[in-house]
Amino acid sequence: MYHILVVDDEKLMRTYLAGSIPSYTSKFQVSGIAEDGLEAIALIKKQHFDVVITDIRMPEVDGLSLAKYIADNFPAIIVIIISGYDDFEYARSAIQYRVTDYLLKPLVDQNLIQLLEAVARRLDEQRPYGFLSCANISGEEELQKALVGSILEENSELTYELFHKMQSHGITCPSDIYMLLKCVPDTLSLFLKNHRAFDVTTDHLRLNQILQDICKDYGYTALYNTDGATYILLNAFSAAQLTQQFQVLYAAITKQSHAGNMPKITVFGSKPVNDILELPYALQDIYDITPLSLLIQSAPILSDKTGEYSDFIRHMQALDEQIYTDYLTCNVERLYLCVGKAYSLLQKERDISTMLRLGCYLIQMVCERARVNPSYRSKAYDELFRQANLYQSAGLPDKSTGIQILTATLCALMTSPCKTPVPESGELTAKAKKYILAHYQESISLSDVANHCGVNSSYLSDLFHKTLKEPYTKYLLRIRMEQAARLLGQNPRLKIYEVAAQTGFVSVKHFNTVFKKYYGMTPTEFNGKGQPH
């Protein structure tokens, strides 16, 4: 799959392209969104993009300047310029920066689809092979690995070429049942072993060597991918035999990784497929069950044994999509809400290691989709473990603090400096209290206070429970009752309805009822005695 950066100062155009492109083609994914060329340059430094689609007229850095920067620094990126008819001749001047692709406004869906198909063909022709180099491949084992890799990457032209090359060497693909495995060191275990955050480590390479040796003994195909995972292809004559082979192989992997003092290994297994060309479906199975790594740590994670977790998988996949969208759009407030929902799904299992595991999972999910550079990925891991270490001596952070840590971790992956994570709880509480003290006479809601503080009401509600040990409604009531008592004590001649109006009550009857319940006497009785019980 190729990665696109959309750059346009019009929100409607950004939304259209980000939503339409994935629905029009499976070859592309929108992995970044920028409002102008300046923000786009920051993203290009952080992430890998194959294509940039940019408007020509933008503030700060326009489309031509962006094209020049890309030509000078990232010449492999294909730039597509969007322009109106009036600007088209101006846009064509970008040919000096190797820009040959244009889209005219208003965009026509079919034109966009045709251009993307043409760009995909060009990228297919020039892209390096993802699993291993195809140069000088001649041996049977190398050809089989190359064929499996090309199928997994859905590179149909290369698959066709390799298939015929195998036939010319007298090599045939067995028409058996296939199962795809993904084996990778557990990220949290890696950190606990090495006491620092990594991207791809020597442990990934050591695991690959162990798996290559095992697969050579059993006659299986093993491929190493740049994401640090090793993929293994099993084949058998029947489903029962495939299950038996997997059990034997998993036992060998466990034994050899223990002997090699490896960190914990996570093994994902797809459903069986009946044709080698159906391996992309098997790979999708593995992607689909990846959320189960949050729940299952001591056994292989198999696609055909996850019926009991179907609700969890469905909810987590939906949250993954929203969290990724929030990352792209730098929507911190909504990101906090979605992270909170994900954290709530793990409530039964919640401890500090679960919070760390969720943080590692979310970092990996975002970074793999957006092709984030290793330095930014390490920055996010460092932020996660730095914040977790602050609370480790005191035990598990409460729910709202845990969500805040996870949100701040994902914010570390964002580029835009103007979008900041949720403020520290102490500052935020003080800001909320100050606003309430200034506006308690008015009919203010939790949402009003949250909007003033720049956070969502759910977060602010949790914060009141955490820092003030009481809900927002009780805190506001306490402020109003204390102010009512102060007014009555300072000026006994004040009418009760005047006190009610000055403390945010629209009804004298309601004020009297609340006051009596709070102080054990009516405002009139209080006026006579001068103090509450």
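Every value quoted in this text rests on a predicted model; they were computed, and no experiment measured them.

Moving on, we get to the pairing of strand β6 (residues 177-185). Summarising burial for β6: nine of the nine residues are buried, a large majority. With burial as the criterion, each face of β6 is covered, one bearing Ile177, Met179, Leu181, Cys183 and Pro185 and the other bearing Tyr178, Leu180, Lys182 and Val184. Taken together, the seven bridges between β6 and strand β8 (residues 230-236) define a ladder with antiparallel strand orientation. If you follow Leu180 over to β8, its bridge partner there is Leu233. Relative to strand β9 (residues 265-269), β6 is paired through five bridges, and the arrangement is antiparallel. In the sheet register, Lys182 faces β9, and the bridge partner there is Phe268.

A few words on the sheet that holds strand β5 (residues 101-104). By way of backbone hydrogen bonds, the strands of a sheet pair with one another, either parallel or antiparallel. Taken together, five strands build an open sheet; the order of strands is β2-β1-β3-β4-β5 and the sheet is parallel. In this open sheet, the two strands that pair with only one neighbour each are β2 (28-34) and β5. Direction aside, neighbouring strands of the sheet carry axes that sit 25 degrees apart on average. Relative to strand β3 (residues 51-55), strand β1 (residues 2-7) is paired through four bridges, and the arrangement is parallel. Bridging across to β3, Leu5 finds its partner in Val52.

The interhelical angle for the contact between helix α6 (residues 140-152) and helix α11 (residues 279-289), taken along N-to-C directions, is 65 degrees, at an axis separation of 8 Å. The angle between the axes of α6 and α11 places the two elements in the roughly perpendicular class. The handedness of the crossing between α6 and α11 is right-handed. The residues of α11 that touch α6, namely those facing Val148, Ile151 and Leu152, are Leu279, Pro280 and Leu283. Of the residues contributing to the contact of α6 with α11, the split by class is six nonpolar, no polar and no charged.

Using the criterion set out here, one finds eleven salt bridges in the structure. Between Asp101 and Arg122 there is a salt bridge whose closest N-O contact spans 2.8 Å. A residue pair is termed long-range when its members are at least 10 positions apart, and Asp101 in strand β5 and Arg122 in helix α5 (residues 109-126) qualify at 21 residues. Among the salt bridges present, the one from Asp311 reaches Arg314, with a minimum N-O distance of 2.9 Å. Highlighted residues: Asp311 and Arg314, both in helix α12 (residues 310-329), separated by three residues, approximately one helical turn. The class for Asp311 is partly exposed, based on a relative accessible area of 44%. The network of salt bridges with shared partners includes Asp186, Lys264 and Arg357.

The rules we used
Residues numbered from 1 in each chain as written. Predicted model: local features only at pLDDT ≥ 70, side-chain atom pairs only at ≥ 80, totals over all residues. Heavy atoms only, no water. Buried < 20%, exposed > 50% of the residue type's maximum accessible area, 1.4 Å probe, protein only. Helix = DSSP H or I, 4+ residues; strand = E, 2+ residues; numbered from the N terminus. Pairing = 2+ DSSP bridges. Axes fitted to C-alpha atoms, helices over the stretch in contact; angles between N-to-C directions. Parallel < 35°, antiparallel > 145°, perpendicular 65-115°, else oblique. Left-handed = near helix turned anticlockwise from the far one by under 90°. Contact = heavy atoms within 4.5 Å. Nonpolar A, V, L, I, M, F, W, Y, C, P; charged D, E, K, R; others polar. Salt bridge = Lys/Arg side-chain N within 4 Å of Asp/Glu carboxyl O.

By themselves, these are just geometric observations and shouldn't be taken as functional.
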